[in-house]
Amino acid sequence: MYVARTICMSLVYVDMDNVLVDFKSGMNKLGLDEKTQDPDEIEGIFSLMIPMPGAIEGYNKLNKLGHDVYILSTAPWENPSAWSDKLIWVKKYIGKIAHKKLILSHNKNLNKGDFLIDDRIANGAGDFKGELIRFGSEKFPNWDSVINYFENLKPN
């Protein structure tokens, strides 16, 4: 019997806040700005956020291109609802394709992989051993530019 197998081109990690998730959308729904209170400390804020433009399509496209894609995010230590809210968000917006592919860590550099798509270098992202793709940078301002980069990668 023939069994179809998917060959993964690379292991890709994708950050949540300001990469998959529009962080400011949660603040806007609560009528807050960053000067009023640290938004990381607000219980339930992560459940209010919406996807960044093109994020869901981009995540799905990376999978369709044959990459093994995980979500690698940091949840605030002092906000226990953030941990469960992030899982609920992934289930709601990304669904089964991300089943058991959410990693929450304060040390992203401990994960081995080929690529990390992140908007910052904090929490170990700057020390990641693979290639750091800085989302929101001049080279990668949006999801279209990220997907274009991956579509033009040459297999090893």
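Refer to the structure presented above.
Now for a quick tour of the structure. Note that the structure is predicted; figures quoted are calculated from it, not measured.

## Quick word on the pattern of salt bridges
This model, assessed by the stated rule, comprises 5 salt bridges. In this structure, Asp 17 and Lys 86 form a salt bridge, with 3.1 Å as the shortest nitrogen-oxygen distance. Of the two residues, Asp 17 sits in the loop between β1 (11-14) and β2 (21-22) while Lys 86 sits in helix α3 (residues 80-93), which places them 69 residues apart along the sequence. Of the two residues examined, Asp 17 and Lys 86, each falls in the buried class. Asp 118 serves as the salt-bridge partner of Lys 108, at 2.6 Å between the closest nitrogen and oxygen. Within this pair, whereas Lys 108 is found in the loop between β5 (102-104) and β6 (115-118), its partner Asp 118 is found in strand β6, the two being separated by 10 residues in sequence. Residues Lys 108 and Asp 118 agree in their burial class; the two are buried. Among the charged side chains, a network of salt bridges with common partners joins Asp 15, Lys 108 and Asp 118.

## Observations regarding the nonpolar core
Val 14, Leu 20, Leu 62, Ile 94, Ile 117 and Trp 143 are the most contacted members of the largest nonpolar core, which has 34 residues in total. When contributions to this core are tallied by element, the ones reaching two or more residues are β1, α1 (23-30), α2 (55-64), β4 (68-73), α3, β6 and α4 (143-151). Ignoring sequence-local partners within four residues, the contact set of Ile 94 consists of Leu 20, Ile 56, Tyr 59, Ile 71 and Trp 89. Membership of the second largest hydrophobic core comes to 5 residues, among which are Tyr 13, Leu 116, Ala 125 and Phe 128.

## What about α4?
Side chains that are three or four residues apart share a direction in an α-helix, a result of its 3.6 residues per turn. All of the buried residues in α4 are Trp 143, Ser 145, Val 146, Ile 147 and Phe 150. In this structure, the buried residues of α4 make contact with β1, α2, β6 and β7 (131-134). Where α4 begins, one side-chain oxygen reaches toward the backbone nitrogen of Asp 144, 3.2 Å away; that side chain belongs to Asn 142.

## What about the packing of aromatic side chains?
Scanning the model with the defined rule gives 9 aromatic pairs in all. Arranged with centres 4.8 Å apart and planes meeting at 40°, the rings of Trp 89 and Tyr 93 form a pair that is tilted. Here Tyr 93 and Trp 89 lie together in helix α3, a separation of 4 residues that amounts to about one turn. Consider the rings of Phe 135 and Trp 143, whose centres lie 5.7 Å apart with planes at 45°: the pair is tilted. Comparing Phe 135 with Trp 143 shows no difference in burial state: the two are buried.

## Comments concerning unusual backbone geometry
Positive phi outside glycine occurs at Asn 18, with the angle close to 70°. You can see Asn 18 is positioned in the loop between β1 and β2. Residue Asn 18 is classed as partly exposed on the basis of its relative accessible area of 28%. Located in the positive-phi region is Lys 100, a residue other than glycine, with phi close to 60°. With respect to the element layout, Lys 100 can be found in the loop between α3 and β5.

## Some thoughts on the packing of α2 against α4
One way to put it is that α2 packs onto α4 with a least axis distance of 9 Å and a crossing angle of 10°. Considered as vectors, α2 and α4 are oriented roughly parallel to each other. In contact with Ala 55, Gly 58, Tyr 59, Lys 61 and Leu 62 of α2, α4 contributes Trp 143, Ile 147, Phe 150 and Glu 151. Tallied by class, residues from the contact of α2 with α4 come to 6 nonpolar, 1 polar and 2 charged.

Thresholds applied
Residue numbers restart at each chain and count upward from 1, following the sequence in its written direction. For this predicted model, a pLDDT threshold of at least 70 governs which residues receive local features, and a threshold of 80 or more governs which side-chain atom pairs are given and counted, while totals over whole chains, interfaces and linings are taken from all residues. Side-chain numbers come from the whole structure's heavy atoms, not from hydrogens or water. Salt bridges are counted wherever a side-chain nitrogen of Lys or Arg sits within 4 Å of a carboxyl oxygen of Asp or Glu. Elements are defined by DSSP. Helices are runs of H or I of four residues or more, strands are runs of E of two residues or more, and each kind is numbered from the N terminus. Working definition: with a 1.4 Å probe on protein chains only, accessible area under 20% of the residue-type maximum means buried, over 50% means exposed, and in between means partly exposed. Put simply, a nonpolar core is a bunch of buried Ala, Val, Leu, Ile, Met, Phe, Trp, Tyr and Cys residues held in one set by side-chain atoms that sit within 4.5 Å of each other. Whether two residues touch is decided by their heavy atoms; if any such pair falls within 4.5 Å, the residues are in contact. Polar contacts, as used here, are pairs of N or O atoms within 3.5 Å; protein pairs need one atom able to donate a hydrogen and one able to accept it. Residues neighboring in sequence count only if both atoms are side-chain atoms. Aromatic contacts are taken between Phe, Tyr and Trp rings whose centres are within 6.5 Å, Trp giving its six-membered ring; a plane angle under 30 degrees counts as stacked, one over 60 as edge-to-face, and the others as tilted. All axes here are fitted lines through C-alpha atoms, helices being fitted over the stretch that makes contact, and every angle between N-to-C directions spans 0 to 180 degrees. Roughly parallel refers to an angle under 35 degrees, roughly antiparallel to one over 145, roughly perpendicular to one between 65 and 115, and oblique to any angle outside these ranges. Amino acids outside the nonpolar list (Ala, Val, Leu, Ile, Met, Phe, Trp, Tyr, Cys, Pro) and the charged list (Asp, Glu, Lys, Arg) are all regarded as polar, and Gly is one of them.

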